[in-house]
Amino acid sequence: MGSDLEKWQVAAAMTVGSLLILWLFFFVWNRVAARRRSQYLIAAARVRSGYVPGGLPTVRGGATGSTGMGELGPASAPQPLAANEGEFVFEKMVDEQPLIRLRYIDALSRKVDEELQVEHLDLQKRLVVGFSDHPGDTRRIPLRNIVGARIAETGQRFDIDTWVDAVRVARRRRGQKA
């Protein structure tokens, strides 16, 4: 009779021990998830305040924020001498019409991987409008269908949602309708 009681005690101790280990696992998991969520929210708030993260396609813009003649060029292009003399102030701006490599799900539920020259980002309808091979081949891709994106020139990954937020902020700063 004593051995049955010992078996039940061992089984109860193992059950309590496994429940404690399970609770500890979920506690650590929730702490890590909360930390990642807070880091994401801080990064999103920085983008909404005008900061352009390093992973987004950028161009150099002038002090007016416009993209007029002579004030626009790829971030890797050499700056004119006037910029080095302090005559013009160039700052890093988000590129609203980058050449990107997209992976998305088309209307027939197939995964498509292609380079897209973005013509327009429609923030109201949440669409990326652009052409792939030639200018007559226009594509309208919903943002929810995009699986992944890379900058075509460098192959560097970037987050579409962060890019959309940065474009929204840039348009708001220029006074355009977001």
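Residues numbered from 1 in each chain as written. Predicted model: local features only at pLDDT ≥ 70, side-chain atom pairs only at ≥ 80, totals over all residues. Heavy atoms only, no water.

### Here's the deal with the environment of Ile 100
Part 1 of the argument: The topology assignment puts Ile 100 in strand 4 (residues 99-105).
Part 2 of the argument: Expressed as a C-alpha distance, the spacing of Ile 100 and Glu 115, which sit 15 residues apart in the sequence, is 5.6 Å.
Part 3 of the argument: If near-sequence neighbours (up to four positions away) are discounted, Ile 100 is found in contact with Glu 114, Glu 115, Leu 116, Val 118, Arg 150, Ala 152 and Phe 158. (Helix = DSSP H or I, 4+ residues; strand = E, 2+ residues; numbered from the N terminus. Contact = heavy atoms within 4.5 Å.)

### Some thoughts on the packing of aromatic side chains
Part 1 of the argument: Tallied over the entire structure, the rule returns four aromatic pairs.
Part 2 of the argument: On the numbers, 6.0 Å between centres and 40° between planes, the contact of Phe 25 with Trp 29 is tilted. Placement of both Phe 25 and Trp 29 in helix 1 (residues 2-48) is noted, with a separation of four residues, approximately one turn of the helix.
Part 3 of the argument: For Trp 29, a relative accessible area of 55% corresponds to the exposed category.
Part 4 of the argument: Here a set of aromatic residues connected by ring pairs shows up, and it is made of Phe 25, Phe 26 and Trp 29.
Part 5 of the argument: The ring of Tyr 51 is capped by Arg 46, whose NZ or CZ atom sits 4.1 Å from the centre of that ring. (Phe/Tyr/Trp six-rings, centres within 6.5 Å; stacked < 30°, edge-to-face > 60°. Buried < 20%, exposed > 50% of the residue type's maximum accessible area, 1.4 Å probe, protein only. Lys NZ or Arg CZ within 6 Å of the ring centre and 35° of its normal.)

### A short note on the nonpolar core
Part 1 of the argument: By size, the foremost hydrophobic cluster in this structure holds 23 residues, and its most contacted members are Leu 102, Leu 121, Val 128, Ile 146, Phe 158, Ile 160 and Trp 163.
Part 2 of the argument: Elements that contribute at least two residues to this core include exactly strand 4, strand 5 (111-122), strand 8 (146-151) and helix 3 (160-174).
Part 3 of the argument: Looking at this core element by element, the count peaks at six residues for helix 3.
Part 4 of the argument: Residues contacting Leu 102, with those up to four places away along its chain left out, are Val 112, Asp 113, Glu 114, Leu 116, Ile 141, Ile 146, Gly 148, Ala 149 and Ile 160. (Core = buried A, V, L, I, M, F, W, Y, C linked by side-chain atoms within 4.5 Å.)

### Some thoughts on a nonpolar patch on the surface
Part 1 of the argument: On the surface, Leu 19, Leu 22, Phe 25, Phe 26 and Trp 29 cluster together into a nonpolar patch covering about 570 Å² of accessible area.
Part 2 of the argument: Mapped onto the elements of the fold, Phe 26 is located in helix 1. (Patch = residues over 30% accessible without salt bridge, like charges linked within 9 Å, V, L, I, M, F, W, Y side chains within 5 Å. Areas by Shrake-Rupley, 256 points an atom, 1.4 Å probe, with all protein chains shown as cover. Salt bridge = Lys/Arg side-chain N within 4 Å of Asp/Glu carboxyl O.)

### Overview of the pairing of strand 4
Part 1 of the argument: Going residue by residue along strand 4, you find Ile 100, Leu 102 and Tyr 104 tucked away on one face and Leu 99, Arg 101, Arg 103 and Ile 105 left uncovered on the opposite face.
Part 2 of the argument: Bridge analysis of strand 4 against strand 5 gives seven bridges, and the strand direction is antiparallel. Among the inter-strand pairings, Leu 99 is bridged to a residue of strand 5, identified as Gln 117.
Part 3 of the argument: A loop of five residues connects strand 4 with strand 5, the two strands running antiparallel in sequence, and Ser 109 in this loop sits at a positive phi of about 60°.
Part 4 of the argument: With five bridges connecting them, strand 4 and strand 8 associate as antiparallel partners. Its bridge partner being in strand 8, Tyr 104 is matched across the sheet by Ile 146. (Pairing = 2+ DSSP bridges.)

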